[in-house]
Amino acid sequence: MMDYAVALAVTFLLLAGSLFALVAALGVVRLPDLYTRMHAASKAGTVGSGMLLFAAGVASGEVAVFARALAGFVFFLLTAPVAAHLLAKAAHQTGHRLGPQSVRDDLAKR
């Protein structure tokens, strides 16, 4: 019975993680400008990668592998959004313009 519950949990995590990764990929392809693409890649990509790592850790059945997967997820959570923010800030400082759909530029000099 426990194996069935673990298999269901792993299946859910794999499907949800794959869905988030797919949404991130679609966002990178379909969104209009650099900033919104980076947002899609960093947010949805982080959650998707984290869920896939978590699924691998649960599926392994070993505490050491699960701990490494959890550490990898925490690393993703701490680094990906910060890296995306710094890249977006650097792009803004070098003059990369916002897309036409953007309504406000909080970093614009007044």
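The residue count restarts for each chain, going from 1 along the sequence in the order it is written. Per-residue local features are limited, in this predicted model, to residues with pLDDT of at least 70; the limit for side-chain atom pairs, both in listing and counting, is 80 or more; totals at the level of whole chains, interfaces and linings are taken over all residues. Side-chain calculation: all heavy atoms of the structure are included, whereas hydrogens and water are not.

I tried to follow the UniProt feature "transmembrane region" (unreviewed entry) in the chain on my own but got confused; where do I start?
UniProt positions are given in the numbering used here, feature names are shortened, and annotations may be inferred rather than shown by experiment. As recorded in UniProt, the sites labelled "transmembrane region" (unreviewed entry) are residues 6-29, 41-59 and 65-88. A run of H or I in DSSP becomes a helix once it reaches four residues, and a run of E becomes a strand once it reaches two; helices and strands are each numbered from the N terminus. Measuring from the first to the last C-alpha atom of residues 6-29 gives 34 Å, for a span that is 100% helix and 0% strand. Each end of residues 65-88 is marked by a C-alpha atom, and these two atoms are 34 Å apart; helix forms 100% of the span and strand 0%.

Whenever I open this one, the packing of helix H1 (residues 2-30) against helix H2 (residues 34-60) confuses me. Can you help?
The axes of two packed helices give the description: the angle between them and the distance between them. Axis definition: a line fitted to C-alpha atoms, limited for helices to the stretch in contact. Angles are taken between N-to-C directions and run from 0 to 180 degrees. It is at 8 Å that the axes of H1 and H2 come closest, and there the two elements cross at 160°. What the angle tells us is that H1 and H2 run roughly antiparallel. Crossing of H1 against H2: the hand is left-handed. Each residue gets one label: Ala, Val, Leu, Ile, Met, Phe, Trp, Tyr, Cys and Pro are nonpolar, Asp, Glu, Lys and Arg are charged, and the others, such as Gly, are polar. For the contact of H1 with H2, the residue count by class is 20 nonpolar, five polar and one charged. Angle categories: roughly parallel below 35 degrees, roughly antiparallel above 145, roughly perpendicular from 65 to 115, and oblique for all the rest. By convention, the crossing between two helices is left-handed when the near helix turns anticlockwise from the far helix through less than a right angle, and right-handed when the turn is clockwise.

I tried to follow the environment of Phe66 on my own but got confused; where do I start?
Along the chain, Phe66 turns up in helix H3 (residues 63-93). Phe66 sits in the partly exposed class, given a relative accessible area of 29%. Residues Phe66 and Ala56, spaced 10 residues apart in sequence, show a C-alpha to C-alpha distance of 7.6 Å. Contacts are residue-level and defined by heavy atoms, with any inter-residue pair within 4.5 Å sufficient. Those residues in contact with Phe66 that sit more than four places away from it in its chain are Phe54, Gly57, Val58 and Ser60. Each residue is assigned to one of three classes by its accessible area relative to the maximum for its type, calculated with a 1.4 Å probe on protein chains only: buried under 20%, partly exposed between the two thresholds, exposed over 50%.

What exactly am I supposed to notice about a nonpolar patch on the surface here?
Residues form patches when they are more than 30% accessible in relative terms and have no salt bridge. Like charges link within 9 Å. Nonpolar side chains (Val, Leu, Ile, Met, Phe, Trp, Tyr) link within 5 Å. Every accessible area reported is derived by Shrake-Rupley at a probe size of 1.4 Å, with residue values counting cover from the shown protein chains alone. What counts as a salt bridge is simple: a side-chain nitrogen of Lys or Arg found within 4 Å of a carboxyl oxygen of Asp or Glu. Judged by side-chain polarity, Leu19, Leu22, Val23 and Leu26 come together as a nonpolar surface patch covering roughly 370 Å² of accessible area. In this fold, Leu19 is placed in helix H1.

When you look at the packing of H2 against H3 in this model, what are you seeing that I'm missing?
Between H2 and H3, the shortest axis-to-axis distance is 8 Å and the interhelical angle comes to 175°. The angle between H2 and H3 falls in the class roughly antiparallel. Of the residues in the contact of H2 with H3, the class split is 19 nonpolar, eight polar and one charged.

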